[in-house]
Amino acid sequence: MSGNGTTAGDDPLQTAVWRLRSRACWADAAALLPVDTPAGALQRASLLVERCLYTERGWQEAEDALRTAEALAHTDEERGAAACERGQLAYAATLHRVRDRADEARAALGRAAALIAPGAAGRALLDFRRGLLAENLTHAPQAARAAYRRAHAGATAHPDPLLLSFTWRHLAGLALRDGELKEARHGFAESLRILEELGYLVGTAPALASLAQTEPEPEASRLREEAGRLYRLLGGVPTWLARQLAPPEPGVASA
């Protein structure tokens, strides 16, 4: 699940779920969903897996919800989506050093790739998550870039603006690592624009902090201050943003 935001014609239930999710209220959003249907169970699992990534807690609840989704999945599409969430949960646990589940993450995402047809709507999210694994666990930036680009194309073909905001930011991060400041600034700015349009507050603070890395002072400090305000408003979520919001050491220029 990545999610498209809300429009006037959306299902009221999905609108409520989106609003709670975007404000870091994943458990409340999950509680609104049915637990006895494949779609409802999968969406609940997705929300609770996302909570783990952003808050570093709720691991057992996510595991339980994911097992329910896996048990209810009957089609290849449903099984593939559940495997994609399994891979993301294992990735998050490894990234946050809860437990090394890197092999499980690779296996689950590989299983998802065998089940989700190329060109299917769910393939873009899978490609993005394979990029995350390549960048942050395997430390293979070229493989990550290729996966992010596939995800970016998929999120454009099957309109998914939230996922598009993620691919913009991660491609920009790789560009910044390579010293491509102009390209990085453009990608970070596009990511922030989309998130603000969607009202996805929990992702806006990281986007502001990322853009700050490419701006000179005093704009860099202004962006970090705004990111810090949102971070505190949401109760210190995402947890991993704290180190990025720390001001640069005296005498060290902004990237």
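The structure presented is a predicted model; accordingly, all values stated were derived computationally and were not measured. (Residues numbered from 1 in each chain as written. Predicted model: local features only at pLDDT ≥ 70, side-chain atom pairs only at ≥ 80, totals over all residues. Heavy atoms only, no water.)

Asker: Looking at this structure, I do not really get unusual backbone geometry. What am I missing?
Answerer: For residues that are not glycine, phi is negative in most cases, and the peptide bond is trans in most cases. Of note, the bond from Glu217 into Pro218 is cis; its omega dihedral lies within 30 degrees of zero at 5°. In this structure, Pro218 sits in the loop between helix 11 (201-212) and helix 12 (219-233). The omega torsion of the bond from Val237 to Pro238 falls at 0°, within 30 degrees of zero and hence cis. Along the chain, Pro238 turns up in the loop between helix 12 and helix 13 (242-245). Despite not being glycine, His139 shows a phi value in the positive range, around 60°. Mapped onto the elements of the fold, His139 is located in the loop between helix 7 (123-136) and helix 8 (141-157). You can call His139 exposed: its relative accessible area is 59%. (Helix = DSSP H or I, 4+ residues; strand = E, 2+ residues; numbered from the N terminus. Buried < 20%, exposed > 50% of the residue type's maximum accessible area, 1.4 Å probe, protein only.)

Asker: When you look at the confidence of the model for the protein chain in this model, what are you seeing that I'm missing?
Answerer: Residues shown with low pLDDT carry predicted positions that ought not to be read at fine detail. Looking at the protein chain as a whole, the pLDDT averages 93, with 93% of positions reaching at least 70. Across residues 250-255, confidence stays below pLDDT 50; counting only partners more than four residues off in sequence or on other chains, it has 9 contacts. (pLDDT = per-residue confidence, 0-100. Contact = heavy atoms within 4.5 Å.)

Asker: For this particular structure, what's the right way to read the packing of aromatic side chains?
Answerer: For any pair of aromatic rings, the description rests on two quantities: the centre-to-centre distance and the angle between the ring planes. Going through the model one piece at a time under the given rule, you end up with 6 aromatic pairs. Between Trp26 and Tyr54, the aromatic rings sit 5.4 Å apart at their centres with planes inclined by 40°, giving tilted as the arrangement. Separated by 28 residues along the polypeptide, Trp26 in helix 2 (residues 26-31) and Tyr54 in helix 3 (residues 38-55) bring together distant segments of the chain. The two residues Trp26 and Tyr54 agree in class, both being buried. Each member of the aromatic cluster is reached from another via a ring pair, and the members are Trp18, Phe128, Tyr148, Phe166 and Tyr200. (Phe/Tyr/Trp six-rings, centres within 6.5 Å; stacked < 30°, edge-to-face > 60°.)

Asker: Help me understand helix 4 (residues 59-72), please; the structure alone is not making it clear to me.
Answerer: What sets the pattern is the α-helix's 3.6 residues per turn: residues three or four places apart point alike. Over its 14 residues, helix 4 runs 20 Å from end to end, which matches the ideal 20 Å to within 8%, given 1.5 Å per residue. Packing partners of the buried residues in helix 4 comprise helix 3 and helix 5 (76-95). (Expected span 1.5 Å × (residues − 1).)

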